[in-house]
Every structure is written in structure tokens, then in C-alpha cells.
Amino acid sequence: MAQAAELQAERGRALEERPVLVIDLGGQYSQLIARRVRECRVYSELVEHDITPEAVAARNPLAIVLSGGPASVYADGAPRVDPDLFELGVPTFGICYGMQLMAQELGGRVDRTGVSEFGRTELRAEESALFAGLPSELTCWMSHRDSVVAPPAGARVVAGSPSTPIAAFEDHERLVYGVQFHPEVVHTPYGHDLLKNFLYRVAGASPTWTATAVIEEQVERIRAQVGGDQVLCALSGGVDSAVAALLVHRAVGEQLTCVFVDHGLLRKEEAVQVVETFHGHFHVPLVHVRAEERFLARLAGVADPEEKRTRVGEEFIRVFEAEARRLGHVPYLVQGTLYSDVIESGGGAGNGVAAKIKSHHNVGGLPAEMDMELVEPLRLLFKDEVRRVGEELGLPERMVWRQPFPGPGLAIRIVGEVTGERLEILREADAILQEEIRRAGLYRELWQSFAVLPAIRSVGVQGDERTYAYPIVIRAVTSEDAMTADWARLPYDLLETISSRIINEIPGVNRVVLDISSKPPATIEWE
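Worth saying up front: this structure is predicted, and the values here are computed from it rather than measured.

Rules used throughout
In this numbering scheme, every chain counts its residues from 1 along its sequence in written order. Reporting in this predicted model follows two pLDDT cut-offs: at least 70 for local features of residues, and 80 or more for side-chain atom pairs to be given and counted; totals over whole chains, interfaces and linings ignore these cut-offs and use all residues. Excluding hydrogens and water, the side-chain figures rest on all heavy atoms present in the structure. Segments assigned H or I by DSSP are reported as helices when at least four residues long, segments assigned E as strands when at least two residues long, and all are numbered from the N terminus. Exposure above 30% relative accessible area and no salt bridge define the residues that can form patches, which grow by joining like charges within 9 Å and nonpolar side chains of Val, Leu, Ile, Met, Phe, Trp and Tyr within 5 Å. Surface accessibility in these figures is a Shrake-Rupley result with a 1.4 Å probe; residues are shielded only by whichever protein chains are displayed. Definition used for salt bridges: Asp or Glu carboxyl oxygen within 4 Å of a side-chain nitrogen of Lys or Arg. The positive count covers Lys and Arg only, the negative count covers Asp and Glu only, and His and the chain ends enter neither. Taken as the charge centre is NZ of Lys, CZ of Arg, CG of Asp or CD of Glu, depending on the residue. When accessible area is computed with a 1.4 Å probe and restricted to protein chains, residues below 20% of their type maximum are described as buried, those above 50% as exposed, and intermediate ones as partly exposed. Only buried Ala, Val, Leu, Ile, Met, Phe, Trp, Tyr and Cys residues count toward a nonpolar core, and they belong to the same one when joined by side-chain atoms within 4.5 Å. The reported arc concerns the directions from the helix axis to the C-beta atoms and nothing else. We call two residues in contact when some of their heavy atoms are within 4.5 Å. For two strands to pair, DSSP has to find at least two bridges joining them. Between N-to-C directions, angles cover 0 to 180 degrees, with each direction set by a line fitted to C-alpha atoms, over the stretch in contact for helices. Orientation labels follow simple angle bins: below 35 degrees gives roughly parallel, above 145 gives roughly antiparallel, 65 to 115 gives roughly perpendicular, and whatever is left gives oblique. Crossing handedness: left-handed means the near helix sits turned counterclockwise from the far one by under a right angle, and right-handed means the same turn made clockwise. Residue classes follow a fixed rule: Ala, Val, Leu, Ile, Met, Phe, Trp, Tyr, Cys and Pro count as nonpolar, while Asp, Glu, Lys and Arg count as charged, and any other residue, Gly among them, counts as polar.

When you line up the elements, R427 lands in helix α14 (residues 420–439). Placed 25 residues apart in sequence, R427 and V452 show a C-alpha to C-alpha distance of 9.7 Å.

Another point: a negative patch on the surface. The grouping of E54, D82, D84 and E87 at the surface amounts to a negative patch. For E87, the position within the fold is in the loop between β3 (63–66) and β4 (92–95). For E87, a relative accessible area of 59% puts it in the exposed group.

What follows covers the nonpolar core. Among the nonpolar cores identified, the biggest contains 91 residues, and V243, V389, L395, I472, L490 and I502 are the most heavily contacted of them. One finds V22, A63, V65 and V202 within the second-largest nonpolar core, a separate group that totals 39 residues.

Let us now look at helix α9 (residues 292–299). Taken together, the buried positions of α9 are F295, L296 and L299. Buried residues of α9, seen end-on, are gathered within an arc of 100° and therefore sit on one face of the element. Exposed side chains of α9 directed beyond 90 degrees from the buried face belong to E293 and A297. Packing partners of the buried residues in α9 comprise β11 (256–262), α10 (305–327) and α14. Residue G301 follows α9 closely and has a positive phi angle near 80°.

With that settled, consider the sheet that holds strand β9 (residues 176–179). Ordered by their spatial adjacency, nine strands build an open sheet running β2-β1-β3-β4-β9-β8-β7-β5-β6, and the pairing between neighbours is mixed. The strands lining the two open edges of the sheet, one partner per strand, are β2 (44–48) and β6 (137–150). Neighbouring strand axes in the sheet, compared pairwise and without regard to direction, differ in orientation by 20° on average. The pairing of β3 with β4 spans three bridges and is classified as parallel. Opposite L66, over in β4, you have G94 as the bridge partner.

Attention shifts here to the packing of helix α7 (residues 239–252) against helix α12 (residues 383–393). Where α7 meets α12, the axes come as close as 10 Å, and the angle between the chain directions of the two elements is 50°. Here α7 lies oblique to α12, going by the angle between them. Here α7 runs over α12; the crossing is left-handed. Residue-level inspection shows V239, D240, V243, L246, L247 and R250 of α7 in contact with α12, the latter providing K383, V386, R387, V389, G390 and L393. Residues of the contact of α7 with α12, tallied by class, amount to seven nonpolar, one polar and four charged.

Right, dumping it as C-alpha cells:
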């Protein structure tokens, strides 16, 4: 039994030691490419475009993927890679800009032909490694002005469109492969199959990176990091912190104490649910800190969203430090930081190419000085991967599929100063929204659905009296990974029910509006 466990752990290490490296060239789908590779059950990492051939060779990758990008390969300052990467003998797959860059570096030619392609495009493909088992005529998603007009010497053109004769090429000798379209987006129906062809047939990867492998690897890492020391886990009640807590509990058992900070910024009855789930269901040691007044005092008079995030983050850490002192020497703090948190805060791979969008209290909003070292077992996982790990760990379904909720809570769903009155109004409105969304059977179909309270008032009429009250904004979006999102087309009768209930049941509200913005250009949260 012990020998089998050891072999399985060794296998998990080997999976991570030979990743697929996705080189970020500034494209909006770079993170999505890495996620699609993982969906093929092959471990991938996103790395910066200035990575050296020596650093790549040291990782011994199974394959390299060059992402798309908004620049022209011949423009000054365009993201580039070291040409020696193509001499490593590692199978390399270029997508859109990545294909063009690869073609140019290997002696081909890229030019602006005067014909652009944006959106769905019909493609004709030949039998080849990339298109093995796929129809000869396919629909794909194009997004380019430049085109490869001459492939590298020795490369065979294997697909083309009416406007782009060289839409894909392969060179089996040099192990370079490229497509002008985007196989990673859902608008390319056979894109997932093409990606599997590259990973399995060309690169020889096996679909063995699973939730079980993630758990084994993270348990090993957590044990190596914390040793025999005590650990505090920051519990919020969301799926991220819940999965992080269970991973750490599996790794170090009684060394873990979960700390749940009730900052008064949670949804209705959420604090009770958290305590019942972790103390009652999982029997994890839990400290429940009631700190509503402390957080409200820190937020008094603050309207700027970044300042609110920073203050909530600082207060969180200070509370944990105080709890750590009460428990003795506790040098480690667990947080459920996700890969998307790191990316949106301007950290991780792509830093310097991707712009900072906003600070997350788990990442960019942390105080400069902390008394504890962070343990972040989910830092390289996307949300869907976290859910799969949660299911594998036995987390109850209602926790696994709980919609994302920001660390600063309702503080950043009040546009303006946070007060007790506004929190109570927003909490009740959000509870009505969630109840009706669940009743309509739409909760699992939505990435997020929540209410926003702008700190403004508008004139209304209720009965025979004039009112001057707050509006409530309904925000509901669909998404796969929160990197992009579309506003959800909720049924009119459902919207009518939600609006009627909120206005009739909550004093202080006389108007309900619907946010129909997608991301980009808007973010999912209002702040």
C-alpha cells in the first residue's frame, strides 16, 4: 500500500515536471489556452514571452504553445521570443500571432495583405497531424489583419480559407505547427479536438493530470512548506477558501485552525451556513470572529473602491495576526487565491504584457508587512478546476457550486460609502434575487448573479406618496473562467418577479435596473 502511494506521488511529480508551457504574447485568450490544455488533462503553465531557452530547457516541457497577440510581428516593440526556442526539439504550436511569429523567425514571410478576417470563417483542411480525424471542411474563429504569405522552408500547408490560403502549416522535422485561427474559443467547434491532436499525437502527452493529481501534488507542497508548524486558514464560506481549507486539512490535519471572520459584509445567513458546514460537517477546528463593527469603522467615509479593497484586506490580515497570537506561534496563513486573481492583479505570467485591472484583497491589496507567510494551494488553478478538486475532496454540492463572492464582500457592491443601513438593504435585495434565481432553476447556469446598490437616490411614487429612495442594480452573467463574461438573458417574467419583490418588500428601494454590459469592456463586479 505504501509503495503504491509512493509510486502515485512520483507520477504526480513527473506530470508537473514536464508541463506544456504557454508563452503569453499579449493575447486576450492566453489564459484560456492554458485552461484548454488543462481541460485535456495535461498540466500547463503560462509563462512570459521573454523566457530564455535555458529556462525552458530546464523545465523539460512536453510542448510549447505560442499564444495570439494584438501586435504585428514586424512592428517595433512587438512581443518576441528567443529564436533558439525553436532549436530545443520541443513540439511547438503557434496560434494566430504565435503562428506568424514562428513563421517569421523560421524564414517564412508575414505581411498585411489588405484582407482581414474577424469572426466565423470556413476552412478547408487536409489530412495531417493537426486535423487527423476531423472533417475536411470546418468552421473556425479568425481574428487577424496580417497573414503568413510564405511558410517556412520545409513546412507543409495543411489548411486554408478563401481569404487566407495559409491558415495552418506543419513541419514534422522541426516539430513546429501553426494555425491562424483560434482553436481555444468555443466558436471553433473542432478546436478542442485539434488541440488534443497536437497534445496527444504530436507531443505524446497523456491525459493524466486530474483533480486527484492536483490534490496529491498540493498536499505534498503544503507539507514541504509548513513542516510541523501551525497554520491558520482564512475561511470566507466560498468554494475557494473551502477547498483551500480541506486541502490543508488533508495535508497537516490538527496543525490547521480555520478562522472565519464575520466582517458584516456577507450575504444573508451566510455566516450561519459557514459555521454549520465546517464545524458540523467537516469537524474542522473553527474560530468564529465577529468583527462587523471593526470593519465598518475602517470603511467609514471611504467611497473609493481600491481604498475599500485595501482596507478590507489590511483588516483581514490584522484579525488573523491577532488570532495567531492568541493561538501561540502560528507562522502560516492559508488563502484561496486563484490564478485569475493573480492575473487580474497584474502578477504572475504575462506581467508587463497584460494590464492590471484591479486589486484583489487576496493579492494586490495585502499590506506590505505581514507577520505570516502565505500558503496558497489554489494559486495556479482556475475556478472550474477548483470545483473539480472540491468535488473530489467531498465538499457538499451547495458549497462546490456556490457562485464566486469577492473577499471584500458587499463593500464593493455598494457604490459609495458603506453604512449599516445600505448593507441591510443590499443584503435583503440580494437574498430575494438568489431565491428567485434558484426557484427558476438558473443558479447553476449563471457564473454570478448579484445585486448592486449605488449610493444615489431617485424620485418615485408608491401609493399616493412621493418617494426618494435607492435603486438596486441586477447583475447576472455567464462565463467559463471570469476572464470574459456575457450578460445573462434572464426571462422577463423572472425579472418582473424580482423587481416587484425587491420594491415591495424592502423599504428604501423604489427602482430596479438591469446591467446588460459584458466583460470586456465592463468588469463583472461594479467595483
